[in-house]
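Given next are the chains, with one letter for each unit.
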Amino acid sequence: MRLKSFYILVATLILSIPNWNVAIAQEKGMTVSIDPNGEETVMPFYDYEHIPDFTYEEVEKRIAEMDTDMPFELNETIFAFINYFTVRNRDYTRMVLERQDMYFPMFDAYLSEHNMPEDIKYLSIIESGLNPKARSRVGAMGLWQFMPATGKEYKLYYNSHVDDRLDPELSTEAAIRYLKALNRRYNNWELALAAYNCGPGNVNKAIRRSGGKRTFWEIYRYLPRETRSYIPQFQAIMYVLRYAEEHNLILEEPSYPVAYEKMDIGKGYTLENLAKHTGLCIEDLEYLNPSLIKSKVPDFGKAISINVPKAAHAFITENQNWIIDSLKIENQRFLAALPEKEAAKPMHYATYRVRSGDVLGKIAQRYGVSVSQLKAWNGLYTNTIKVGQVLHIHQDKPSFERNLASTATISTNSNGGKMYTVQPGDSLWLISKKLEGVTIDQLKKLNNLNNNQIKPGQKLIIG
């Protein structure tokens, strides 16, 4: 019997005993209250901070009895993480217990649809702690921590207004398809999860270095340090959430997820204005729509459905026409109030691959943007960047072209031909934009290039 249920049953039995003495109840550690009519209520005392003792053998027995499509055997590494989640960091475990009812039913539905093990849902706890707005130090985002490139590969796009990686449903669908592909590749869920963490290249390298072994624990010592703890953490949390009450991990206050429905209410409105016209709580709307970076549905691009509390769905449906009209009026007032210079400008988006010696300040100066903008566009918490890292840069087109032109280095060779010296961060595409009337194909033909690879300092014939 679950511990909390047991205490409630004890209290109920006590209430039924004739002449039960209040003083005795208080001595037993129970709370006694008396209402205005003189009726006594006895409530059990529950020590939420108590940490039950447990042994390796007890945990091993429970794991052996677990009903799972992803079985594992207990070892000292996994046991250490079980101790971490049940003893050393109980607050973290309670936090994910509060959040699980919001996301697990949705995870279960997608996993069932793809005929995948139900326990894969626990991976999101290791990735993000079930926080849809989680951001890693290297720019991975969302419940499933997608990097920009991998997200784009699985149709998770983002701009300055909307980031699909933060959308719980879209990112879950993408994560499941990615994990499914990795499992087809390795035919082993532990290796598939390891590849999800460190990339297939690192797993393949570990397999080669191990002499062709094909299980996680056989290639364990050849994997990156973070991945060595990644799988044991996942397996530990599989156990902990099944046996939370046995470790007295119980919520003092029950958690109630916000049930929601999807709705299309047009474009170009803020969640604040939607709340204003519907009486909804702005915090609920922002919580249900984490992918709207500015808490606004943009007025360009594809139509976006938003999530609204299920309790309000009928009201919004019945009054949808006047709500949409009201939102349009609000948006028109907002645009009319903007100074003319703040009118929307066509934006240009560029990518820059970090080279040796680069720092954010130098890159920002080159493109005429600020370091804080670079960090915001690329999900960076610090100024640390790595060689080979791709940075995304947003500028209005005139500024972009002016900055490109300012970096052009053109000289004349002995034959009178024009030469361009490749700058750090250049690509053939960037150079073609700097030099009007010169295409990428022309650059390749003039310089006998078989591919698009160029190096800083290289001189290119441009005419």
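The structure displayed is predicted, hence computed values, not measured ones. (Residues numbered from 1 in each chain as written. Predicted model: local features only at pLDDT ≥ 70, side-chain atom pairs only at ≥ 80, totals over all residues. Heavy atoms only, no water.)

Enquirer: How would you explain the overall build of the chain if you had to name every residue and give the values?
Expert: Within the chain, the regular secondary structure consists of 21 helices and 11 strands. Relative to its 463 residues, the chain shows a buried fraction of 45%. Across the chain, every contact between residues at least 6 apart in sequence was considered, and the portion connecting residues at least 24 apart equals 63%. Summed over all atoms, the accessible surface of the chain reaches about 25,600 Å², with 50% contributed by carbon and sulfur. (Helix = DSSP H or I, 4+ residues; strand = E, 2+ residues; numbered from the N terminus. Buried < 20%, exposed > 50% of the residue type's maximum accessible area, 1.4 Å probe, protein only. Contact = heavy atoms within 4.5 Å. Areas by Shrake-Rupley, 256 points an atom, 1.4 Å probe, with all protein chains shown as cover.)

Enquirer: Kindly report on a negative patch on the surface, identifying the contributing residues and their values.
Expert: A cluster of acidic side chains, namely Asp-47, Glu-49, Asp-91, Glu-252 and Glu-253, defines a negative patch on the protein surface. Note on placement: Glu-253 falls in the loop between α12 (225–242) and β3 (260–263). On the basis of relative accessible area, Glu-253 is assigned to the exposed category, the value being 62%. (Patch = residues over 30% accessible without salt bridge, like charges linked within 9 Å, V, L, I, M, F, W, Y side chains within 5 Å. Salt bridge = Lys/Arg side-chain N within 4 Å of Asp/Glu carboxyl O. Lys, Arg positive; Asp, Glu negative; His and termini not counted. Charge placed at Lys NZ, Arg CZ, Asp CG, Glu CD.)

Enquirer: Describe the packing of aromatic side chains, naming the residues involved and giving the relevant values.
Expert: Inspection of the entire model under this criterion finds 15 aromatic pairs. Between Tyr-84 and Phe-85, the aromatic rings sit 5.3 Å apart at their centres with planes inclined by 70°, giving edge-to-face as the arrangement. Accessibility expressed as a relative area gives 28% for Tyr-84, which makes it partly exposed. Taking 5.2 Å as the distance between ring centres and 45° as the angle between the ring planes, the aromatic pair formed by Tyr-154 and Tyr-178 counts as tilted. (Phe/Tyr/Trp six-rings, centres within 6.5 Å; stacked < 30°, edge-to-face > 60°.)

Enquirer: Give me the lowdown on the confidence of the model for the chain, citing residues and values where you can.
Expert: Looking at the chain as a whole, its pLDDT mean stands at 82, while 79% of the residues score no less than 70. Below a pLDDT of 50 lies the segment residues 6–20, which in the model reaches 15 contacts outside its immediate sequence neighbourhood of four places, other chains included. Confidence drops under a pLDDT of 50 for residues 404–408, and excluding neighbours within four residues, the segment shows 8 contacts in the predicted structure. (pLDDT = per-residue confidence, 0-100.)

Enquirer: So what's going on with the packing of helix α8 (residues 168–186) against helix α10 (residues 200–209)? Residues and values would help.
Expert: The contact between α8 and α10 brings their axes to 12 Å, and the two run at 20°. Taken together, the axis directions place α8 and α10 in an arrangement best described as roughly parallel. The hand of the α8/α10 crossing is right-handed. On α10, the residues that touch Tyr-178, Leu-182, Arg-185 and Tyr-186 of α8 are Pro-200, Val-203, Asn-204 and Ile-207. Classifying every residue of the contact of α8 with α10 by side-chain character gives 6 nonpolar, 1 polar and 1 charged. (Axes fitted to C-alpha atoms, helices over the stretch in contact; angles between N-to-C directions. Parallel < 35°, antiparallel > 145°, perpendicular 65-115°, else oblique. Left-handed = near helix turned anticlockwise from the far one by under 90°. Nonpolar A, V, L, I, M, F, W, Y, C, P; charged D, E, K, R; others polar.)

Enquirer: I'd like a rundown of the pattern of salt bridges, residues and numbers included.
Expert: A full pass over the atoms with the stated rule returns 7 salt bridges. In this structure, the salt-bridge partner of Lys-121 is Asp-108, at a minimum N-O distance of 3.2 Å. Placement of the pair is Lys-121 in the loop between α5 (90–113) and α6 (123–128) and Asp-108 in helix α5, with a sequence separation of 13 residues. Classification of Lys-121 by relative accessible area gives buried; the value is 7%.

Enquirer: Could you give an account of α12, with specific residues and numbers?
Expert: An ideal rise of 1.5 Å per residue puts 26 Å on 18 residues; α12 measures up with 27 Å between its terminal C-alpha atoms. Among all positions of α12, only Thr-227, Tyr-230, Ile-231, Pro-232, Phe-234, Gln-235, Ala-236, Ile-237, Met-238, Tyr-239, Val-240 and Leu-241 are buried. Those residues of α12 hidden inside the fold are in contact with α3 (56–64), α4 (76–88), α5, α6, α9 (189–198) and α11 (216–219). (Expected span 1.5 Å × (residues − 1).)

Enquirer: Run through the environment of Leu-170, naming residues and quoting values.
Expert: On the secondary structure map, Leu-170 appears in helix α8. Residues Leu-170 and Tyr-154 lie 16 residues apart in sequence; the distance between their C-alpha atoms is 9.5 Å.

Enquirer: Break down unusual backbone geometry for me, citing the residues and quoting the values.
Expert: Positive phi, close to 50°, is recorded for Gln-145, a residue that is not glycine. Tracing the backbone shows Gln-145 in the loop between α6 and α7 (148–153). A positive phi angle, near 55°, is found at Asn-248, a position not held by glycine. Along the chain, Asn-248 falls in the loop between α12 and β3. Classification of Asn-248 by relative accessible area gives buried; the value is 2%.

Enquirer: How would you explain the packing of α4 against α5 if you had to name every residue and give the values?
Expert: The N-to-C vectors of α4 and α5 enclose an angle of 85°; their axes lie 5 Å apart at closest approach. The angle between α4 and α5 falls in the class roughly perpendicular. Residues Phe-85, Thr-86, Val-87 and Arg-88 of α4 form the contact with α5, whose own contacting residues are Arg-90, Tyr-92 and Thr-93. Of the residues contributing to the contact of α4 with α5, the split by class is 3 nonpolar, 2 polar and 2 charged.

Enquirer: Residues and numbers for α10, please.
Expert: Inspection of α10 places Pro-200, Val-203, Ala-206 and Ile-207 among the buried residues, and these make up the whole buried set. Projected down its long axis, α10 carries its buried residues within an arc of 125°, all on one side. For α10, the exposed residues set more than 90 degrees away from the buried face come down to Arg-208 and Arg-209. Buried residues in α10 make contact with α8, α9 and α11. A positive backbone phi angle near 85° is found at Gly-211, which sits one or two residues after α10. (Arc of directions from axis to C-beta.)

Enquirer: Describe a positive patch on the surface, listing the residues and the values that go with them.
Expert: A surface patch of like charges, here positive, comprises Lys-205, Arg-208, Arg-209 and Arg-221. Structurally, Lys-205 is set in helix α10.

Enquirer: Account for the side chain of Lys-121, naming residues and giving values.
Expert: Of note is the side chain of Lys-121, whose polar atom sits 3.2 Å from the side chain of Asp-108. When neighbours within four sequence positions are excluded, Lys-121 is seen to be in contact with Phe-104, Phe-107, Asp-108, Leu-111 and Trp-144. (Polar contact = N/O pair within 3.5 Å; in protein donor to acceptor, adjacent residues only side chain to side chain.)

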